Amino acid sequence: MRDPDGLIARAGIRGDPDRDQHFLVDDRVLDRLPTYLTEIDADTSHLLEIGGGTGVLTDRLLAVGDEVTVVERDPDLAAFLREEFADEIAAGNLTVIEGDALEIDLPDFTASVSNLPYGVSSEIAFRLFPEGKPLVLMFQQEFAERMVAESGTSEYGRLSVSSQHYADIELVESIPKEAFSPPPAVQSAVIRAVPREPDYEVDDEEFFLRFVKALFTQRRKTIRNAIRNTAHISGLAEPEAVVDAADEDVLQKRAGAMAPAEFAALAQLAWEVGEPDDH
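If you check an unreviewed UniProt entry, the protein appears there as Probable ribosomal RNA small subunit methyltransferase A from Natrinema limicola JCM 13563. Quoted verbatim from the Sequence similarities (unreviewed entry) field of the UniProt record, the comment on the protein reads "Belongs to the class I-like SAM-binding methyltransferase superfamily. rRNA adenine N(6)-methyltransferase family. RsmA subfamily." According to the UniProt record, the Function (unreviewed entry) comment for the protein is "Specifically dimethylates two adjacent adenosines in the loop of a conserved hairpin near the 3'-end of 16S rRNA in the 30S particle. May play a critical role in biogenesis of 30S subunits."

**Student:** I'd like a rundown of the UniProt feature "binding site: S-adenosyl-L-methionine" (unreviewed entry) in the protein, residues and numbers included.
**Tutor:** Per the UniProt record, "binding site: S-adenosyl-L-methionine" (unreviewed entry) is found at His22, Leu24, Gly51, Glu72, Asp100 and Asn115. One can find Leu24 in strand β1 (residues 23-24). A residue is classified by how much of its surface remains accessible, and Leu24, at 4% relative accessible area, is buried. Look past the residues within four positions of Leu24 in its chain and what remains in contact with it is Pro4, Val29, Leu30, Leu33, Val56, Asn115, Met138, Ala179 and Phe180. Topologically, Glu72 is positioned in strand β3 (residues 67-72). Residue classification places Glu72 among the buried positions, given a relative accessible area of 6%. Dropping the residues within four chain positions of it, Glu72 is found in contact with Gly51, Gly52, Gly53, Leu77, Ala78, Leu81, Ile97, Glu98 and Gly99. Here Gly53 takes part through its backbone nitrogen, which lies 2.8 Å from a polar atom of the side chain of Glu72.

**Student:** Tell me about the pattern of salt bridges, and please be specific about residues and values.
**Tutor:** The tally for this structure, following the rule as stated, stands at 16 salt bridges. Here Arg32 makes a salt bridge to Glu173, at a shortest N to O gap of 2.4 Å. Here Arg32, found in helix α2 (residues 27-32), pairs with Glu173, found in strand β7 (residues 167-175); they are 141 residues apart in sequence, far enough to count as distant. Judged by relative accessible area, Arg32 falls into the partly exposed class, the value being 34%. Judged by its relative accessible area of 10%, Glu173 falls in the buried class. Residue Glu98 pairs with Arg82 through a salt bridge whose shortest N-O separation is 4.0 Å. Here Glu98, found in strand β4 (residues 94-98), pairs with Arg82, found in helix α5 (residues 75-84); they are 16 residues apart in sequence, far enough to count as distant. Classification of Arg82 by relative accessible area gives partly exposed; the value is 36%. Among the charged side chains, a network of salt bridges with common partners joins Arg2, Arg10, Asp59, Glu84 and Glu88.

The rules behind each value
Residues numbered from 1 in each chain as written. Predicted model: local features only at pLDDT ≥ 70, side-chain atom pairs only at ≥ 80, totals over all residues. Heavy atoms only, no water. UniProt positions renumbered as here; feature names shortened; annotations may be inferred. Helix = DSSP H or I, 4+ residues; strand = E, 2+ residues; numbered from the N terminus. Buried < 20%, exposed > 50% of the residue type's maximum accessible area, 1.4 Å probe, protein only. Contact = heavy atoms within 4.5 Å. Polar contact = N/O pair within 3.5 Å; in protein donor to acceptor, adjacent residues only side chain to side chain. Salt bridge = Lys/Arg side-chain N within 4 Å of Asp/Glu carboxyl O.

Below is the structure:
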């Protein structure tokens, strides 16, 4: 395996907190990341990495994947990756794409292991989730804890419901600041997402996610008032019809106490009687 500090030195670059660049340099952490895929027997024939940086994780992924595609938005780093891994590229094992992971067409991939740029980690995660592939992703610790939180806890929110709609998610490792160069201001954590169908049905996924977002903007209000107060977000033309049709015990709850399946049932009711627009 290539030495992380050696890669940074050859790249002639330093991490820049202002540009959300913190390079993972702890060999032990880097070695563990791919194992979170292999221990569930995930298909590693084509691995996707978002934010390749200096290639420290890329190097590890090449050892377990038949093919690796790296997306790197920094032109200098993308050029370095093409130079450093010229042999792997020539052999057809590695493809380096220079571009923004939120804008480019993603390749077909079987799984992703990525140390995401924290500033856009949420947007990238929700681009990857609908692909229905196993994911090992690094986030800020607080973000990861919210992603895996259960209803009734203080961390539970829109992120929890939306993430768990797509996959079984577990926080597999917390990573100290010192594992990075330069150290970020916050601790990090790794989640593993194993895709599965939810144990409920919704006719319109986009509306369901929008409805969840709307109700959590009023998390301290009862569901009754949250439905009424957020029609401009949910797009409901007839929020009062939803209130009239919903069970009283649901209407008295608050969003933080609603399990994902309860949100789904209420969203389905809202879809049927609330006359939502077609955002």
